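Breakdown of the fold
Here's the letter readout for the chains.
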Amino acid sequence: MENDIIIQMKNIRKSFAGVPVLKGIDLTVKKSEVLAVIGPSGSGKSTLLRCLNNLETIDDGSIQVKGDYLVQSRQGRAVYADKDTQKKILGYMGMVFQQFNLFPHMTVLDNLLEAPVHVKNMKKAEVLPVAEELLRKISLFDKKDAYPSRLSGGQQQRVAIARALCMAPDIMLFDEPTSALDPELTIGVLNTMRQLAQEHMTMIVVTHEMGFAHDVANNVIFMADGGIVEQGDSQQFFGNPKEERTKLFLHSMLK
Amino acid sequence: MHNIANTFMLMLEGTQTTLQIFSITLILSIPLGLLISLARLSPLRLISRLVEIYIWIMRGTPLMLQLLFVYFALPMVGIKLSDLTAALFAFTLNYAAYFAEIFRAGIQSINRGQYEAAKTLGMSYPQTMQRIILPQVIRRVLPPISNETINLVKDTSLIYILAMNDLLRVARTIVQREFDMTPFVIAAVFYLVMTFVLTWLFKLLEAHYGKYEV
Ligand SMILES: Nc1ncnc2c1ncn2[C@@H]1O[C@H](COP(=O)(O)OP(=O)(O)OP(=O)(O)O)[C@@H](O)[C@H]1O
Ligand SMILES: [Mg+2]
């Protein structure tokens, strides 16, 4: 049971210029779990993901991924692991951004090959079949030699997902992956994510897509003002929310 | 008596000096400018402040003054440079400062998301700069670099004060001797040819580095 836990965040505290943005968040994610994080703008959802991924540093609390501590709390302060350990832990996670952030000067295929070849020092011939297989899976194999600027937003986001997957992460983090897309382009991206979930990828998804959270996520966390207001299994969460704030939020999202 | 072919040959020799100063300065000052821009963006405040002061001095005083300073002041403290070296020294330090500011603006114009994507893929800072940021910066800085490069062609004429026989000085010498304006016209044509070739080269470079844009 304990062994199933892949991410454990405890009492995460984070302030920006003295303003608390995360006010002691506890979060546990099990292997193969799909966790949706929802909540109003400014509630700290992105910051939570970015702390997990070391794009931001926390002030206090502890983060454990696959049993390794990225950061631990000692006497009320966050103490980070050494650089090598950090690097190892960050390698467990892939990240997908709202703005895709593909490398514009590289073709689609080179975007996928870049990190395996230059970070993991793998042979190009070794990664190529993996990358091509991923591109086939997202139905963009025929675009492998195109530059990102030639792709639609939805296609770019799928490439960004494939780029992260090409590093073979155990966990995928998504920060509003469809928010920058026109509604008709979100479907392809959501389908790709759905497929990942079916393949038992562990996923944390910050999203405004309530349908996706309801259908695909196992668990849902509702954040507001830097804290977790309510969490639970998604059927229960959407079927029978307990907190007044959750009800109001869900109601506003349905409109 | 007036020998146009002879004038032409003399001016070609002058052009050689001009091109020598131009090309060596360019080859040295672009990489140096890049290094200076990285130091300018360093999180270490002392380094970035020092570089800022350096850039301020180089851009805030006339290049002519800097040339004279290197030429006359350095020998006084026991550093003896040849005319050519002195000129190259001053030009390189001056142009590196301008290039540094161009690179800095270029680097800062790259979206933060590029650094974050590289970081989450496990790339180190040097890798990120070398493989992700700088290739994009090159595309963006080519137009201002092209401008500065064309300025440099014309600025090389400042070395006449160091008594070096560049294109313009040769032209002036002949004009004064022969009371004939033709050498000035020829010099103008030579400068125009050089800047034309450069403009064309930079267009090719822009097309090459811009192929990923829509
Ligand atoms: N780098 C930063 N510097 C200062 N304040 C920040 C920074 N990043 C986030 N904040 C602040 O922290 C709070 C939480 O931001 P965050 O981006 O985590 O919210 P969010 O829940 O992701 O919102 P959204 O749904 O709009 O993306 C906001 O008030 C935001 O202004
Ligand atoms: Mg956000």
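Since the structure is predicted, the reported quantities are computational estimates derived from the model, not experimental observations. (Residues numbered from 1 in each chain as written. Chains lettered and ligands numbered in written order. Predicted model: local features only at pLDDT ≥ 70, side-chain atom pairs only at ≥ 80, totals over all residues. Heavy atoms only, no water.)

With respect to the packing of helix α2 (residues 45–60) of chain B against helix α4 (residues 83–108) of chain B
Residue and element names in this part refer to chain B. In contact at an axis separation of 9 Å, α2 and α4 are set at 115 degrees when each is read in the N-to-C sense. In this structure, α2 meets α4 at a crossing whose hand is left-handed. The segment α2 lies against α4, with Y54, I55, M58 and R59 engaging L93, N94, A96, A97, Y98, A100 and E101. Of the residues in the contact of α2 with α4, the class split is eight nonpolar, one polar and two charged. (Axes fitted to C-alpha atoms, helices over the stretch in contact; angles between N-to-C directions. Helix = DSSP H or I, 4+ residues; strand = E, 2+ residues; numbered from the N terminus. Left-handed = near helix turned anticlockwise from the far one by under 90°. Contact = heavy atoms within 4.5 Å. Nonpolar A, V, L, I, M, F, W, Y, C, P; charged D, E, K, R; others polar.)

Comments concerning the side chain of E230 of chain A
Residues and elements named next belong to chain A. Looking at the secondary structure, you find E230 in strand β11 (residues 227–233). One buried charged residue, E230, remains without a salt bridge, the closest side chain of opposite sign being K242 at 5.0 Å. Within polar-contact distance, the side chain of E230 engages the backbone nitrogen of K242 at 2.8 Å. Separated by 2.9 Å, the side chain of E230 and the backbone nitrogen of E243 make a polar contact. When neighbours within four sequence positions are excluded, E230 is seen to be in contact with V220, I221, F222, F237, P241, K242, E243 and T246. (Buried < 20%, exposed > 50% of the residue type's maximum accessible area, 1.4 Å probe, protein only. Lys, Arg positive; Asp, Glu negative; His and termini not counted. Salt bridge = Lys/Arg side-chain N within 4 Å of Asp/Glu carboxyl O. Polar contact = N/O pair within 3.5 Å; in protein donor to acceptor, adjacent residues only side chain to side chain.)

Description of the packing of aromatic side chains
Enumeration according to the criterion identifies seven aromatic pairs over all chains in this entry. Taking 4.9 Å as the distance between ring centres and 35 degrees as the angle between the ring planes, the aromatic pair formed by F222 of chain A and F249 of chain A counts as tilted. Of this pair, F222 of chain A sits in strand β10 (residues 219–224) while F249 of chain A sits in helix α9 (residues 244–254), and the two are 27 residues apart along the sequence. Since its relative accessible area comes to 1%, F222 of chain A is described here as buried. Using a relative accessible area of 9% as the deciding quantity, one classes F249 of chain A as buried. Put simply, the rings of Y95, Y98 and F99 of chain B touch in pairs and so form one group of aromatic residues. Sitting over the face of the ring of Y92 of chain A, K66 of chain A holds its NZ or CZ atom 4.5 Å from the ring centroid. The ring of F141 of chain A carries R136 of chain A above its face, with NZ or CZ at 4.3 Å from the centroid. (Phe/Tyr/Trp six-rings, centres within 6.5 Å; stacked < 30°, edge-to-face > 60°. Lys NZ or Arg CZ within 6 Å of the ring centre and 35° of its normal.)

A closer look at the interface of chain B and chain A
Taken together, the contact pairs 20 residues of chain B with 24 residues of chain A. With both sides pooled, the region where chain B packs onto chain A buries about 2,000 Å², and carbon together with sulfur makes up 59% of that total. When the area that chain B buries against chain A is broken down by residue, the three leading residues are T120, L121 and Y212 of chain B, summing to 32%. Taking the shortest distance from any N to any O, the salt bridge between E114 of chain A and R131 of chain B comes out at 2.5 Å. The tally of links from chain B across to chain A stands at nine residue pairs in polar contact (both at pLDDT 80 or more). Residue assignment for the side of chain B that touches chain A shows that the elements contributing at least two residues are α5 (112–120) and α6 (125–155) of chain B. In terms of residue count, the dominant contributor to the side of chain B that touches chain A is α5 of chain B (eight residues). (Buried area = accessible area lost by both parts, 1.4 Å probe.)

Quick notes on the site of ligand 1
All names here are of chain A. Near ligand 1, the surroundings consist of F16, V21, P40, S41, G42, S43, G44, K45, S46, T47, E176 and H208. Here S43 contributes a backbone N or O atom positioned 3.2 Å from an oxygen atom of ligand 1. The separation between an oxygen atom of ligand 1 and a polar side-chain atom of E176 is 3.1 Å. The element contributing the most residues to the shell around ligand 1 is helix α1 (residues 45–52), with three residues. (Near = heavy atom within 4 Å.)

Thoughts on helix α5 (residues 153–165) of chain A
Over its 13 residues, α5 of chain A extends 18 Å from the first C-alpha to the last, a length consistent with the 18 Å expected when each residue adds 1.5 Å. In terms of burial, α5 of chain A is a largely internal element, 13 of the 13 residues being buried. (Expected span 1.5 Å × (residues − 1).)

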